[in-house]
Amino acid sequence: MARMTARRALSAVPVMIAVTFGVFAVAAASPFDPVKAYAGTAGLTASQENLDQLRANLGVDQPLVTRWWDWLTSAVQGDLGDSSVLRMPVADVIGERAGWSLALATCAFVIAILLGTALGVLAARRPGGALDRCVSSAAYTLEAAPAFWLGLLAIWFFALKLDVLPAGGLTDAGSDVVTFGQVATHLVLPASVLGISQLPWFFLYVRQGVTDALDEDPVRGARARGLRERTVLLGHALRSGMLPMLTLIGSRVPELITGALLVETVFSWPGIAAATVQAATSVDFSLLAALTVLATAAVLLGNLLSDLLYGLADPRVGFDG
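Thresholds applied
Residues numbered from 1 in each chain as written. Predicted model: local features only at pLDDT ≥ 70, side-chain atom pairs only at ≥ 80, totals over all residues. Heavy atoms only, no water. 1 Å grid on protein atoms, 1.4 Å probe; cavity = no way out; pocket = protein on both sides within 12 Å on 5 of 7 lines; lining within 4 Å. Points joined across faces, edges and corners; volume = space filled by probe spheres on them. Helix = DSSP H or I, 4+ residues; strand = E, 2+ residues; numbered from the N terminus. Nonpolar A, V, L, I, M, F, W, Y, C, P; charged D, E, K, R; others polar. Salt bridge = Lys/Arg side-chain N within 4 Å of Asp/Glu carboxyl O. Buried < 20%, exposed > 50% of the residue type's maximum accessible area, 1.4 Å probe, protein only. Polar contact = N/O pair within 3.5 Å; in protein donor to acceptor, adjacent residues only side chain to side chain. Contact = heavy atoms within 4.5 Å. Patch = residues over 30% accessible without salt bridge, like charges linked within 9 Å, V, L, I, M, F, W, Y side chains within 5 Å. Areas by Shrake-Rupley, 256 points an atom, 1.4 Å probe, with all protein chains shown as cover. Core = buried A, V, L, I, M, F, W, Y, C linked by side-chain atoms within 4.5 Å. pLDDT = per-residue confidence, 0-100. Axes fitted to C-alpha atoms, helices over the stretch in contact; angles between N-to-C directions. Parallel < 35°, antiparallel > 145°, perpendicular 65-115°, else oblique. Left-handed = near helix turned anticlockwise from the far one by under 90°. Phe/Tyr/Trp six-rings, centres within 6.5 Å; stacked < 30°, edge-to-face > 60°. Lys, Arg positive; Asp, Glu negative; His and termini not counted. Charge placed at Lys NZ, Arg CZ, Asp CG, Glu CD. Expected span 1.5 Å × (residues − 1). Bend = angle between axes of the 7 residues up to and from the residue.

What follows covers the layout of surface pockets. Regions of empty space are outlined by a rolling probe, equal in size to a water molecule, passed over the atoms. By volume, the largest pocket amounts to about 640 Å³. By residue number, the principal contributor to the lining of the largest pocket is helix H13 (residues 285-313), which donates nine residues. Grouping the amino acids of the lining of the largest pocket by side-chain chemistry returns 18 nonpolar, five polar and one charged.

Here you go:
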């Protein structure tokens, strides 16, 4: 396990380097002008000399490779630079917002995995039954439903029509103190929406895996020995049927990140979504590169986690293969 983790960490280095260069290249080709975005309305009346001076101060007058190399060497030393649009160090921007995004994504992932697994097992018990047909139909429908549409629908129903949950934000309006109760209440809708948007894939994988496992000889043998159906289902079929689902965890991380950005925007959740949008539209090189590296690292860690979980669940799979 340690050797595989070390190999993955080493192979991630060139990937990160290539990603950062790609971010700077795409940003340089963008039609958005970072100087005008930084100057705002003042840039409309500023002289060309002032704009050129501002361009030099921001460092965007340098060639693409120079800008990228300066940022990369500074980032290796722990300096991620300053955000030109948020007017603060990039490390502070990420430090203030990443925790809230992580909390949202973690809660959503837990909801998707637990609920998807439970429904998948129940549906696999009687393939073609009423529960299987209803949940499968709902899962296929949710696959095509965008996360932002689910978010708007949830706000309309739970916040506006029933008035049982807040429509967005981190705390109640007018509150000067961030309390656990307020955060938990405000987290319910965005985490549930994001989790439900990821649920169909976990449900379908578990359902198919458990259905196939119930027809395998070891499970039939367990039934023939007179074991209880619950023991057969949870102790034998579920463990075998969960193996394909474990590989799904890593592949869902990019979709989870994308969905989290949309959900954060809809519910005004103070995560990295707003910072990402501002960095992209304002061509904030330092912030955009750091956020992209952060997302890439999350995807690589998700893939590693899937392989580790698969190896732990199935002893026949070697970590060093």
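Having seen it, we continue.
What follows concerns the pattern of salt bridges. In this structure the tally under the stated criterion is one salt bridge. Note that Arg207 and Asp132 form a salt bridge whose closest N and O atoms lie 2.6 Å from each other. One end of the pair, Arg207, is in helix H8 (residues 180-214); the other, Asp132, is in helix H6 (residues 130-143), and 75 residues separate them in sequence. An identical accessibility class is assigned to Arg207 and Asp132; each is buried.

Attention now moves to the environment of Leu54. You can see Leu54 is positioned in helix H3 (residues 48-58). Sequence spacing of Leu54 and Gly95 is 41 residues, and the spatial spacing of their C-alpha atoms is 27 Å.

Turning our attention to the side chain of Asp132. Exposure remark for Asp132: the relative accessible area of 3% places this residue in the buried category. One polar contact links the side chain of Asp132 to the main-chain amide nitrogen of Gly128, over a distance of 2.7 Å. Once residues within four sequence positions are removed from consideration, Asp132 is found in contact with Ala123, Arg126, Pro127 and Arg207.

Residues Phe148, Trp149, Leu152, Leu153, Trp156, Phe157, Phe158, Leu160, Leu162, Val164 and Leu262 make up a contiguous nonpolar surface patch of about 1,100 Å² in total accessible area. Ranked by residues supplied to the nonpolar patch, first place goes to helix H7 (residues 147-161) with eight residues. Looking at the element boundaries, Leu153 is found in helix H7.

We now examine the nonpolar core. A general tendency of soluble globular proteins is for nonpolar side chains to be buried together. By size, the foremost hydrophobic cluster in this structure holds 44 residues, and its most contacted members are Leu104, Leu194, Phe202, Val210, Ala237 and Val263. Put simply, the parts of the chain that give this core at least two residues each are helix H5 (90-125), H7, H8, helix H9 (217-224), helix H10 (229-241) and helix H11 (243-267). With 24 residues, the next largest nonpolar core counts Leu51, Leu54, Val283 and Leu287 among its residues.

Another point: the confidence of the model for the protein chain. On average, the protein chain scores 81 in pLDDT, and the residues at 70 or more come to 90%. Mean pLDDT across the elements of the protein chain ranges from a minimum in helix H2 (residues 34-39), with 70, to a maximum in H7, with 91.

Looking now at unusual backbone geometry. The backbone phi angle of Asp163 is positive, close to 55°, even though this residue is not glycine. Along the chain, Asp163 turns up in the loop between H7 and H8. A relative accessible area of 62% places Asp163 in the exposed class. With a phi close to 55°, Ser268 is a non-glycine residue in the positive phi region. Positionally, Ser268 belongs in the loop between H11 and helix H12 (273-281).

In this section: the packing of H7 against H11. Between H7 and H11, whose axes approach to 8 Å, the crossing angle comes to 30°. The angle between H7 and H11 falls in the class roughly parallel. Handedness of the crossing formed by H7 with H11: right-handed. Residue-level contacts link Ala147, Phe148, Gly151, Leu152 and Ile155 of H7 to Gly259, Leu262, Val263, Val266 and Phe267 of H11.

This part is about the packing of aromatic side chains. A complete count under the given rule lists seven aromatic pairs for this structure. Consider the rings of Phe21 and Trp68, whose centres lie 5.1 Å apart with planes at 85°: the pair is edge-to-face. Remark: Trp68 occurs in helix H4 (residues 64-76) and Phe21 occurs in helix H1 (residues 2-28); sequence separation between them is 47 residues. The class for Phe21 is partly exposed, based on a relative accessible area of 31%. Given the relative accessible area of 12%, Trp68 is considered buried.

Below, the discussion takes up a negative patch on the surface. Together, Asp79, Asp82, Asp92 and Glu96 line one region of the surface with negative charge. Positionally, Glu96 belongs in helix H5.

So, on to the side chain of Thr20. Assignment of secondary structure puts Thr20 in helix H1. With residues up to four places along the chain from it excluded, the contact list for Thr20 reads Trp68, Trp71, Leu72 and Val293.

Compared with an ideal rise of 1.5 Å per residue, which puts 25 residues at 36 Å, H11 spans 34 Å between its outermost C-alpha atoms and is within 8% of the ideal. The sharpest bend along H11 comes to roughly 40°, located at Arg252, with the proline Pro254 sitting one to four residues further on. Looking one or two residues past H11, Ser268 carries a phi angle of roughly 55°, positive in sign.

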